[in-house]
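Topology and contacts: notes
Below, each chain spelled out in residue letters.
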Amino acid sequence: MKIKLIYSYNGSNFSGSQSQPHKNSVEDRLKMALFRVGIFEKLTTASRTDKGVHALNQVSTTNCGEFWDLNKLKEQLNRHARPLINIKKIEKVSSEFHPRFSAKKRSYKYILNHSNFSPFLENLCLFYDEIDVEKLNLSLSKFIGKHDFKEFMKTGSDIKDSIREIYKAYAFSYKNLTIIKFQANGFLRSQVRLMVANALKEQISNQKFSLEKPITRIPASPNALYLERIFY
């Protein structure tokens, strides 16, 4: 039967989500856990995350024997996947389900921390000076809608269609944090980090960015970015 695994991970432990020759990726760790319980089928993952990027609800699919009790399988897998990965839920899905192509939309969040620097939190947020959230939201609003984001993707990407539709792009304050959230039908490689970088740079400079002319091509730090949810 085909199963969907929903899981979280701290990206600072990995060199990215996609399987790597040196075996230090999220997929490699998850495959190891699957191998330990006797599952050797292909693993397909919904969204690729770069080195240092975290996930709250990443999704992958694979196939396993019909004899498996899915609650028992989750328990067995977590014995091998933890503490680096936590499998939150396993569901049976149809053979036509694809974790990437069946997705309707995705959401990410980016966390700015305005408190004193802490080495214990450095891998989980971006320490940043206080910011005017109202002005930041004006910058973020430029991204909303259906646009060609070819100037907001990592150089060297082999994507042919760079048009994406951003449904939500906004920031809000919570205690000593500013949380930036995006929701879209899909994202290009490093698109979220490049959007954050341009929105933040616009706040501290006299420059203005447009979708055709960004003011920086350097993505924001990956350690503050979280894949929040994939909608089906």
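Residues numbered from 1 in each chain as written. Predicted model: local features only at pLDDT ≥ 70, side-chain atom pairs only at ≥ 80, totals over all residues. Heavy atoms only, no water.

Within an unreviewed UniProt entry, the label attached to the protein reads tRNA pseudouridine synthase A, and the organism entered is Campylobacter ureolyticus ACS-301-V-Sch3b.

Some points on the domain arrangement of the protein
Much of the literature gives interface size as the accessible area that the parts lose upon coming together. What the domain assignment lists for the protein is domain 1 (2-92) and domain 2 (105-231). On the side of domain 2, 16 residues touch domain 1, which itself brings 16 residues to the contact. Here domain 1 meets domain 2 over a buried area of about 1300 Å², counting both sides, of which 53% is carbon and sulfur. Ranking the residues of domain 1 by area buried against domain 2 places D50, H54 and L56 at the top, with a combined share of 40%. (Domains from an automatic or database assignment. Contact = heavy atoms within 4.5 Å. Buried area = accessible area lost by both parts, 1.4 Å probe.)

Looking at the nonpolar core
In terms of nonpolar packing, the biggest core is built from 62 residues, with L73 and F182 touching the most fellow members. Tallying contributions element by element places helix α4 (residues 191-204) first for this core, with seven residues. Residue-level mapping places this core at the junction of two domains, with at least three residues from each of domain 1 (2-92) and domain 2 (105-231). Ignoring any residue separated from it by four or fewer positions in sequence, one finds L73 in contact with I3, V37, I39, C64, W68 and I90. Residues C125, L177, I179 and Y226 belong to the second largest nonpolar core, which totals six residues. (Core = buried A, V, L, I, M, F, W, Y, C linked by side-chain atoms within 4.5 Å. Buried < 20%, exposed > 50% of the residue type's maximum accessible area, 1.4 Å probe, protein only. Helix = DSSP H or I, 4+ residues; strand = E, 2+ residues; numbered from the N terminus.)

As for the packing of aromatic side chains
All chains considered together, the criterion is met by 14 aromatic pairs. Geometrically, the ring pair formed by Y9 and F14 is edge-to-face, given 6.1 Å between the ring centres and 85° between the ring planes. For the pair Y9 and F14, a shared accessibility class is recorded, and that class is buried. Among the aromatic residues, those joined into a cluster by ring pairs are F143, F149, F152, F182 and F209. The cationic tip of K105 hangs over the ring face of F231; the distance from NZ or CZ to the ring centre is 5.0 Å. (Phe/Tyr/Trp six-rings, centres within 6.5 Å; stacked < 30°, edge-to-face > 60°. Lys NZ or Arg CZ within 6 Å of the ring centre and 35° of its normal.)

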